[in-house]
Amino acid sequence: MAKLFLGLDSSTQSLSAVVIDLDTRAVVGEKSVNFDRDLPQFKTQNGVLPHRDPLVKHSLPLLWAAALDLLFAQLQAEGVALGEVLAVSGSGQQHGSVYLNDRAAGRLAKLNPAKSLDQNLRGIFSRPTSPIWMDSSTTKQCAEIRQKLGGIRATAQTTGSDTFERFTGPQIRKFYQTQPAAYQKTAHIALVSSFMASLLAGKIAPIDYGDGAGMNLMDLHRKTWHAGALKATAPGLAKKLPPLAAAGRVIGKVSAYFVRKYGLNPEALATVWTGDNPASVLGLGLVKPGQVAISLGTSDTFFGTMSRCRTDAQGEGHVFGSPAGDYMTLICFKNGSLAREKIRETYGLKDWAAFGEVLATTKPRKNAGILLPWFEAEIVPRVNRPGLHRFDLDEQDAAANCRAIFEAQMLSMRHHSQWMGVAPDCIYATGGASSNTALLQVMADVMNCPVRRIEISKSAALGAALLAAHGWQVAAGEKPSWENLTRGFTDPVPGSEIRPRKPAVRIYDELIKKFAVCERAALKA
Ligand code: XUL
């Protein structure tokens, strides 16, 4: 019998599965259910329910449950050997919350395979919809909680992050303030990750230290619920939260529902899930301190593993528990691909290859021009008034502007990640724009670090499958090492390494000082 492990990722727009064979180091199954396309009856747009207030972004826990049925049915139909799966784990979009009443635990324990999950779960929610990470309607609650916890620095030091609109604590506070009766009827509050784990386990599942740190409710150092944060958020909250536990820890055998309905191995273990970013840390193989990934996507993210827990006194970055032990950091820059695209279009370059060619005609230059590309309100640094800022840069010079935008994005990452105190040994570049070598050369030069490209499309689901394998091995009394577990699954693209060039590094070591001055000036403007 093969040693198969199933990893699921419940993201904003889809639910994905990756099945791995640990002995052969192969991905033996991959499947995705798209919420809008495959479950149109829930009427979501890009996984989100339409709402008249653009700041409010909710989705539906029943939709995620229906997607789980559909995904298992598809895996079974494709002949994936579900009977050989030894453990299941997963990851969820971070921060989103699910509100369950006192009927939930009983119903989860007796899921009826003759019905769909959707039918089984009707009537167990004290709030039918779930606020998700895209929601930014809780500025008032953020300010209230931050003030009670002693300001930005103290909030970040205690919980790992300053209060953020999308974080779960401020969302719970808003629910309590605006719908007190429904809050009262809430017996359990789950995250997307722990809700999905509860379905698999047939009981209320713990929240892990990775996703738990995205709530502004967990004491990051002790890895326990923080009494002061709970009190600052809503009354009676301690009784509504599940215990905290390590990701991948075994909860029990999988619910008989999945065994009878889809032929899942009755001995398969259900384990604690985590957030999608912590799972991606595993799925990209960032299991040693000093390993950092830069994902160049809609927004650009900088994340990695950190052995000592440091937090950001400015409150811009986040620290979460890492499923590999230690801690992980995450900084999210909203003006990523979108900003690069705007510049590309402004100068009439038809595609990224053309952008790269123009970029390659220029060289890093002492005292070069600086372009701050805040097309949209920015998260890091906090910018509420969008706008472009050019310093010593001729707007007519296409090539200089193409270089300046990516230099600024990388200089910003370097500047705003200094609080981590981590000098990366190697950066793994992922996401759409990472196939552009001219961009990666700028990344290597600014960061003074070799860059390797990694092409894993479902890094969170792969990380979840590895988490399942780890949990199963620990339960079997083994002492698995993350380096061994990830080997063969998370290798960078062969020959993709780009090394920093010393003369360019020297130029950027100086230019970062100018960048910081320009950024301060633009923030004041
Ligand atoms: C992280 C965050 C997003 C979601 C996406 O803080 O809000 O990356 O996790 O699913």
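As the structure is a prediction and not an experimental result, all values here were calculated from the model.

> Sorry, what's going on with the pairing of strand E19 (residues 318-322) here?
In summary, the side chains of a regular strand alternate between the two faces of the sheet. The buried fraction of E19 amounts to five of the five residues, a majority that puts the element mostly inside the structure. In terms of strand pairing, E19 meets strand E20 (residues 325-333) through five bridges, oriented antiparallel. For His318, the partnering residue across the bridge sits in E20 and is Leu330. Between the antiparallel neighbours E19 and E20 lie two residues.

> Explain the nonpolar core here, please?
Soluble globular proteins: nonpolar side chains tend toward being buried together. Counting 116 residues, the largest nonpolar core has Phe5, Ile20, Leu217, Trp225, Ile294, Phe302 and Met443 as its most contacted members. No other element matches the nine residues that helix H17 (residues 398-416) contributes to this core. Each residue touching Trp225, except ones within four places of it in the same chain, is listed here: Ile207, Met215, Leu217, Met218, Asp219, Leu230, Leu241, Pro242, Pro243 and Leu244. Of all hydrophobic cores here, the second largest spans 58 residues; its members include Val19, Phe72, Ala205 and Val272.

> Explain the site of the ligand here, please?
Around the ligand, the surrounding shell consists of Gln93, Gln94, His95, Trp133, Arg166, Asp276, Asn277 and Leu330. In this structure, Gln94 approaches the ligand through a main-chain N or O atom, which is 3.1 Å from an oxygen atom. Between the ligand and His95, the relevant distance is 2.7 Å, taken from an oxygen atom to a side-chain nitrogen or oxygen of the residue. Here the ligand has 290 Å² of accessible area as a free molecule, and 89% of this is covered by the chains. Tallied by class, the residues present in the shell around the ligand amount to two nonpolar, four polar and two charged.

> Could you clarify how one ought to interpret the pattern of salt bridges in this entry?
Inspection of the entire model under this criterion finds 22 salt bridges. Here Glu30 and Lys458 are joined by a salt bridge, their closest N and O atoms 3.3 Å apart. Taken together, the positions of Glu30 in strand E3 (residues 26-34) and Lys458 in the loop between strand E24 (451-453) and helix H19 (459-475) put the pair 428 residues apart, joining distant regions of the chain. A residue is classified by how much of its surface remains accessible, and Lys458, at 23% relative accessible area, is partly exposed. A salt bridge links Asp38 to Arg37; the nearest nitrogen and oxygen atoms lie 2.9 Å apart. Take Asp38: its relative accessible area is 25%, and that puts it in the partly exposed class.

> How should the environment of Ala464 be read in this particular structure?
With respect to the secondary-structure elements, Ala464 resides in helix H19. Overall, the relative accessible area of 0% leaves Ala464 in the buried class. Between the alpha carbons of Ala464 and Leu282 there is a distance of 7.9 Å; along the sequence they are 182 residues apart. When sequence neighbours within four positions are dropped, the list of residues in contact with Ala464 reads Gly7, Leu8, Ser89, Gly90, Ser91 and Ala279.

> Sorry if this is basic, but what is going on with the sheet that holds E19 here?
Through backbone hydrogen bonds, the strands of a sheet pair up, either in parallel or in antiparallel fashion. One open sheet accounts for six strands, arranged E19-E20-E18-E17-E23-E24; its pairing is mixed. Lying at the two open borders of the sheet, with one neighbouring strand each, are E19 and E24. Averaged over neighbouring strand pairs, the angle between their axes works out to 25° when direction is ignored. Sheet analysis places strand E17 (residues 291-296) next to strand E23 (residues 426-430), joined by five bridges and oriented parallel.

> Just checking my understanding: could you explain the packing of aromatic side chains for this structure?
Each aromatic ring pair is characterised by the separation of its centres together with the angle its planes make. Summed over the entire model, instances satisfying the criterion amount to 11 aromatic pairs. Plain terms: the ring middles of Tyr176 and Tyr183 are 5.4 Å apart, the flat faces sit at 65° to each other, and that makes the pair edge-to-face. You can call Tyr176 partly exposed: its relative accessible area is 27%. Tyr183 gets classed as buried once you look at its relative accessible area, which sits at 2%. Ring geometry for Trp352 against Phe355: centres 5.2 Å apart, planes inclined by 70°, an arrangement best described as edge-to-face. With Trp352 and Phe355 both in helix H16 (residues 352-360) and three residues apart, this pair spans about one turn of that helix. Following the ring pairs from residue to residue traces out a cluster consisting of Phe72, Tyr257, Phe258 and Tyr262. One residue, Arg127, lies across the ring of Tyr99, its end atom 4.9 Å from the ring centre. Seen from the ring of Tyr327, Lys223 lies directly overhead, with NZ or CZ sitting 4.9 Å from the centre.

> Is there a simple way to explain helix H7 (residues 168-178) in this structure?
Side chains of residues three or four places apart in an α-helix project in the same direction, reflecting 3.6 residues per turn. A large share of H7 lies buried, amounting to eight of its 11 residues. Considered for burial, the residues of H7 that qualify are Thr168, Gly169, Pro170, Gln171, Ile172, Arg173, Lys174 and Phe175.

Basis of the calculations
Residues numbered from 1 in each chain as written. Predicted model: local features only at pLDDT ≥ 70, side-chain atom pairs only at ≥ 80, totals over all residues. Heavy atoms only, no water. Buried < 20%, exposed > 50% of the residue type's maximum accessible area, 1.4 Å probe, protein only. Helix = DSSP H or I, 4+ residues; strand = E, 2+ residues; numbered from the N terminus. Pairing = 2+ DSSP bridges. Core = buried A, V, L, I, M, F, W, Y, C linked by side-chain atoms within 4.5 Å. Contact = heavy atoms within 4.5 Å. Near = heavy atom within 4 Å. Polar contact = N/O pair within 3.5 Å; in protein donor to acceptor, adjacent residues only side chain to side chain. Areas by Shrake-Rupley, 256 points an atom, 1.4 Å probe, with all protein chains shown as cover. Nonpolar A, V, L, I, M, F, W, Y, C, P; charged D, E, K, R; others polar. Salt bridge = Lys/Arg side-chain N within 4 Å of Asp/Glu carboxyl O. Axes fitted to C-alpha atoms, helices over the stretch in contact; angles between N-to-C directions. Phe/Tyr/Trp six-rings, centres within 6.5 Å; stacked < 30°, edge-to-face > 60°. Lys NZ or Arg CZ within 6 Å of the ring centre and 35° of its normal.

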